[in-house]
Amino acid sequence: MVKSPVSDLDRTFAALVDPTRRAILARLEQDGTVSVSELSRPFAIKLPAVMKHLDVLGEAGLITRTKTGRTVAVGLTAGPMEEAMHWLRRYERFWSARLHRLAAHAEAMETKVRAAEPPREDL
Amino acid sequence: MTSLTLVRRIAARPSIVFDVLTTPDGIRYWWGPDDGPVLLAETDLRVGGSFRVRFRMLDGTEHESSGEYIEVVRPTRLVMSWRWTNGGDAAEAGEESRIEIDLHPIATGTELTFTHDRLQTTASRDSHEWGWNGAVDKLERHFSGEAGRAA
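Summarised in this report is the structure supplied together with it.

Criteria and cut-off values
Residues numbered from 1 in each chain as written. Chains lettered and ligands numbered in written order. Predicted model: local features only at pLDDT ≥ 70, side-chain atom pairs only at ≥ 80, totals over all residues. Helix = DSSP H or I, 4+ residues; strand = E, 2+ residues; numbered from the N terminus. Buried ≥ 20, exposed ≤ 12 C-beta atoms within 10 Å, placed from the backbone. Contact = placed C-beta atoms within 7 Å. Pairing = 2+ DSSP bridges. Axes fitted to C-alpha atoms, helices over the stretch in contact; angles between N-to-C directions. Expected span 1.5 Å × (residues − 1). Arc of directions from axis to C-beta. Core = buried A, V, L, I, M, F, W, Y, C linked by C-beta atoms within 7 Å.

### Structural notes on the overall build of chain A
Here is step 1: In terms of helices and strands, chain A carries five helices and three strands.
Here is step 2: Starting at the N terminus and ending at the C terminus, chain A contains elements arranged as α-α-β-α-α-β-β-α.
Here is step 3: Counting all 123 residues of chain A, 28% fall into the buried class.
Here is step 4: Within chain A, contacts between residues at least 6 apart in sequence are counted, and of these 55% link residues at least 24 apart.

Here it is in structure tokens:
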């Protein structure tokens, strides 16, 4: 079987493993577009380390960086998270329908089995 | 958020539900997503045994999924790997995910808990262990509007 390439979803998950990166995303989720210097303020790490995290998030397609003069603005990108949510929603529909049919058939079988069983005196 | 969990109450005893889940005769009744026929259902119900199900949908397309049984505890628990081997979602062809089914007896029959985990990579497993709470939950709401019943 052909081994599938690292999917975008895998990259998303890999980027989200790190707590600092999750905190950065949470901040962006709350405040919209934020400059890099503003973004690094609450963290006890140096700017280059923050830049490194932003690189990972950028490669995963989770953020966009826009440079205006000397200021770099960071914002969220919806795509990869949407892919994850799309997977969940699609499979929810897919399995809900199947479980509905499974339940209907099991219930019909139960009725059949009960009809074939001798009446239980103890009930 | 890498997994989907569904819970259903079924008015049938666990042993009946378990057999409908795992026998070719049972699978014929529920595996297809619409009223199209299940063309083939093979199950080798033991740990390490495999299953293969092929069905045709009403639009004429044929699909096949298969996997291996990882845990088989009749009538309470079933764990299996799962993948599309033909048709289905091209983007996911060959990718393996995991399905866990627990059957708890209740007064009216069975409570079925179904979990589909998309755990095909170390990265997603790791992030699972980190816990997908707080920040990521907020992100989900932000991006999805309605988050569904994601676990």
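### Observations regarding the sheet that holds strand β3 (residues 71-76) of chain A
Residues and elements named next belong to chain A.
Here is step 1: A sheet is described by the order of its strands in space; here three strands give the open sequence β1-β3-β2, paired in antiparallel fashion. Of all strands in the sheet, those bounded by a partner on one side alone are β1 (34-35) and β2 (63-68).
Here is step 2: Set on the sheet, helix α2 (residues 19-31) makes contact with β1, β2 and β3; between it and β3 the angle comes to about 90°.
Here is step 3: Sheet strands in contact with helix α4 (residues 47-59) are β2 and β3, and its direction is about 120° off that of β2.

### What to know about α4(A)
Residue and element names in this part refer to chain A.
Here is step 1: Its 13 residues give α4 an end-to-end C-alpha distance of 18 Å, which sits within 8% of 18 Å, the value for a rise of 1.5 Å per residue.
Here is step 2: Within α4 the residues assigned to the buried category are Val50, His53, Leu54 and Leu57. Relative to the axis of α4, the buried residues are bounded by an arc of 100° and lie together on one face. Among the exposed residues of α4, those oriented more than 90 degrees off its buried face are Pro48, Asp55 and Glu59.
Here is step 3: One or two residues past the end of α4 sits Gly61, with phi positive at roughly 75°.

### Notes on α2(A)
All names here are of chain A.
Here is step 1: In a regular helix each residue adds 1.5 Å, so 13 residues correspond to 18 Å; α2 covers 18 Å between its end C-alpha atoms and thus fits that length.
Here is step 2: For α2, the complete set of buried residues consists of Arg21, Arg22, Ile24, Leu25 and Leu28. An end-on view of α2 places all buried positions within 155° of arc, on one side of the element. Exposed positions of α2 whose direction lies more than 90 degrees from the buried face are Pro19, Gln30 and Asp31.
Here is step 3: Gly32, located one to two residues past α2, shows a positive phi value of around 75°.

### Quick word on the nonpolar core
Here is a general trend for soluble globular proteins: nonpolar side chains tend to be buried in one another's company.
Here is step 1: By size, the foremost hydrophobic cluster in this structure holds 22 residues, and its most contacted members are Ala106(A), Val17(B), Val20(B) and Leu21(B).
Here is step 2: Residue assignment for this core shows that the elements contributing at least two residues are α5 (79-116) of chain A together with α1 (14-22), α2 (24-30), β3 (50-56), β5 (77-86), β6 (97-106) and β7 (109-117) of chain B.
Here is step 3: For this core, the element with the highest residue contribution is α1(B), accounting for five residues.
Here is step 4: Not counting residues within four places of it along the chain, the set of residues in contact with Val17(B) comprises Ala106(A), Ile10(B), Ala12(B), Leu103(B), Thr110(B) and Leu112(B).
Here is step 5: Core analysis: the second largest hydrophobic core is formed by 16 residues, Leu28(A), Leu39(A), Leu54(A) and Leu62(A) among them.

### Considerations on the sheet that holds β5(B)
All names here are of chain B.
Here is step 1: Strand order in the open sheet made by the seven strands is β1-β7-β6-β5-β4-β3-β2, with antiparallel pairing throughout. Both edges of this open sheet fall to β1 (3-10) and β2 (38-43), since each of them pairs with a single strand only. Strand-to-strand twist of the sheet, defined as the mean angle between neighbouring strand axes without regard to direction, takes the value 20°.
Here is step 2: Relative to strand β4 (residues 62-73), β3 is paired through seven bridges, and the arrangement is antiparallel. What sits directly across from Phe51, in β4, is Gly67.
Here is step 3: Strand contacts of α1: β1, β2, β5, β6 and β7, with the helix running at about 160° to β6, the strand carrying the most contacts.

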